[in-house]
Amino acid sequence: MVNSFTDLVLLVGMNPLPNYVVASHFLQKYPHINIHFIYSQDTGFQQSTKKYAENIKNTLIKNYCCPNSTFGNFISLENVENAKQIKTQFLSFLKSLKKNTVLHLNYTGGTKVMGTHIHELLHDQTDRCNEFSYLSPKTFRLLDDEGVFLSNDLRESVTLNFDDLIALHGFQRIPKSVNPSFDAAISLISNLIENGTLDSYYKGTGCYKRNNFSDSKGELIYSGKKLKNKYVCSETTGGGIKPVIAEGNFLTVNNSLPVEFQLFAANGTLKDDLPSDADLKHTIKFFDGDWLEQYVFKTLSEGLTNVSVDKNWEIRDPEWQKINPDLKFELDCILLRGYQLFGISCSTAGNKGLCKHKGFEIILRTKQIGGDEAKAVLITILSEEKARALQQELAYDTGSMSSILVLGINDLKKSNLLDKINKFIGI
């Protein structure tokens, strides 16, 4: 049981999320505590973490209406690997405190050297500090030095929205125009999935073939004029030219779109009056794979409880913009259980190598914005055998079996998808 204390000390490393969670937990219990941040200076051989301390402070002020007086010292360390310097600078901080100050040290963040030596220094000063804690990334509970739990699962009491989560890590969301939702088409695709006939969208006469909508470099065509030249003359037979005709479930999906987005006439020929290039782009992206993102979002947002669900996030780091204004990354779908992030990427590529590339990217991006607690999901249309093999490869290459889930075509049925996701997020 945590004893009464007046001041909370946080060690700030490259992942600010645990510090925010710990501070939130104690502010809920003890609204009048003071909070101090110990961070590293930028000295050329070590990166400053002061910006993360400031991000924690600003987010706490926003969500808990903390006065500025809640936040005491920002203590910088010149060398986070030098025990003597760490102790000297921390002792200077201790001497500046009032005599009746009682500290609680949470050593989840920072470097191992910081945590070890500051903990050692405070351990002998029982008049100053008699409580230590660590936030477990496995149980999401606070533990003391004896391994005794000091809290319940903090995902149940500490929640964040997506904007605050990325703000903690210094990222910003890029405003995006709202994409059209093709609900009728998603319902048709959902039926194909439930009936086990999704393959018919990609296989057979008149089905969707990416090369019919892409140029010589493999890039999708978003110009109606170029599409007509490409699509109508894309198949040759003998000495003549045979235009491609959309048929079967691919044509049915096209016909279920709003009229202004349809590319094909009822007989399967490319329409003379194609949509505007802007609308045509939405349709082609939907045909090519956005349908999977929309299907996954609809299924999860309707079927998951006690989890926040969002989609289509473009994220940037202001620091990146100084180097390249176009640097950004996207997340197809995002889940938040309390403060734990689950990033989801969707791929309709039939090539395991292309899917693996997306797997590496979603693992990296979720860690960047969600910290070590974050997990990644890659949803594909690969066979069960290839999906399981890909999960093993990604787990081996990243060193974590529990942080990545790969799903294949057999996992897309609504009940299967919800069951797999629920188990992965621990609900």
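In what follows, the structure referred to is the one given above.
Since the model is a prediction, treat every value here as computed from it, not as a measurement. (Residues numbered from 1 in each chain as written. Predicted model: local features only at pLDDT ≥ 70, side-chain atom pairs only at ≥ 80, totals over all residues. Heavy atoms only, no water.)

A. Quick look at helix α6 (residues 183–195). Relative to the 18 Å expected for 13 residues at 1.5 Å per residue, α6 spans 18 Å between its end C-alpha atoms, a close match to the ideal helical length. The set of residues buried in α6 consists of Ala185, Ile186, Ile189, Ser190, Leu192 and Ile193. Buried residues along α6 cover an arc of 160 degrees about the axis, so they all sit on one side. In this fold, the buried residues of α6 make contact with α7 (199–202), α9 (248–255) and α10 (277–303). The first or second residue beyond α6 is Gly196, which carries a positive phi of 70 degrees. (Helix = DSSP H or I, 4+ residues; strand = E, 2+ residues; numbered from the N terminus. Expected span 1.5 Å × (residues − 1). Buried < 20%, exposed > 50% of the residue type's maximum accessible area, 1.4 Å probe, protein only. Arc of directions from axis to C-beta. Contact = heavy atoms within 4.5 Å.)

B. Broad picture of helix α13 (residues 384–398). Taking 1.5 Å per residue as the helical rise, α13 with its 15 residues ought to reach 21 Å, and the 21 Å between its terminal C-alpha atoms agrees with that figure. Looking only at α13, the buried set comprises Ala387, Leu390, Gln391, Leu394 and Ala395. All buried residues of α13 project into a common sector of 130 degrees when viewed along the axis, lining one side. Seen from the buried face of α13, the exposed residues on the opposite side, beyond 90 degrees, are Glu385, Gln392 and Tyr396.

C. Focus on the nonpolar core. In this structure, Leu8, Ile35, Phe37, Leu60, Ile315, Tyr339 and Ile369 are the most contacted members of the largest nonpolar core, which totals 56 residues. The element that contributes the greatest number of residues to this core is helix α1 (residues 17–29), accounting for seven residues. Not counting chain neighbours up to four residues away, the residues in contact with Ile315 comprise Ile166, Phe171, Gln172, Ile174, Lys328, Phe329, Leu331 and Ile369. Membership of the second largest hydrophobic core comes to 51 residues, among which are Leu198, Val307, Val309 and Ile425. (Core = buried A, V, L, I, M, F, W, Y, C linked by side-chain atoms within 4.5 Å.)

D. Looking closely at the packing of aromatic side chains. Taken as a whole and judged by the stated rule, the model has 23 aromatic pairs. Here Phe26 and Tyr30 contribute two aromatic rings whose centre-to-centre distance is 6.5 Å and whose plane-to-plane angle is 20 degrees, an arrangement assigned as stacked. A residue is classified by how much of its surface remains accessible, and Phe26, at 0% relative accessible area, is buried. Taken together, a centroid distance of 5.2 Å and an interplanar angle of 65 degrees make the contact between Phe182 and Phe261 edge-to-face. Note that Phe182 is positioned in the loop between β7 (172–173) and α6 and Phe261 in the loop between α9 and α10, a separation of 79 residues in sequence. Each of the two residues, Phe182 as well as Phe261, counts as buried. Aromatic rings pair up to connect Tyr201, Tyr202, Tyr208, Phe213, Phe250, Phe264, Phe287 and Trp291 into one cluster. Over the ring of Trp313 we find Arg173; its NZ or CZ atom is 3.6 Å from the centre of that ring. Lying across the ring of Phe424, Lys375 places its NZ or CZ 5.2 Å from the centre. (Phe/Tyr/Trp six-rings, centres within 6.5 Å; stacked < 30°, edge-to-face > 60°. Lys NZ or Arg CZ within 6 Å of the ring centre and 35° of its normal.)

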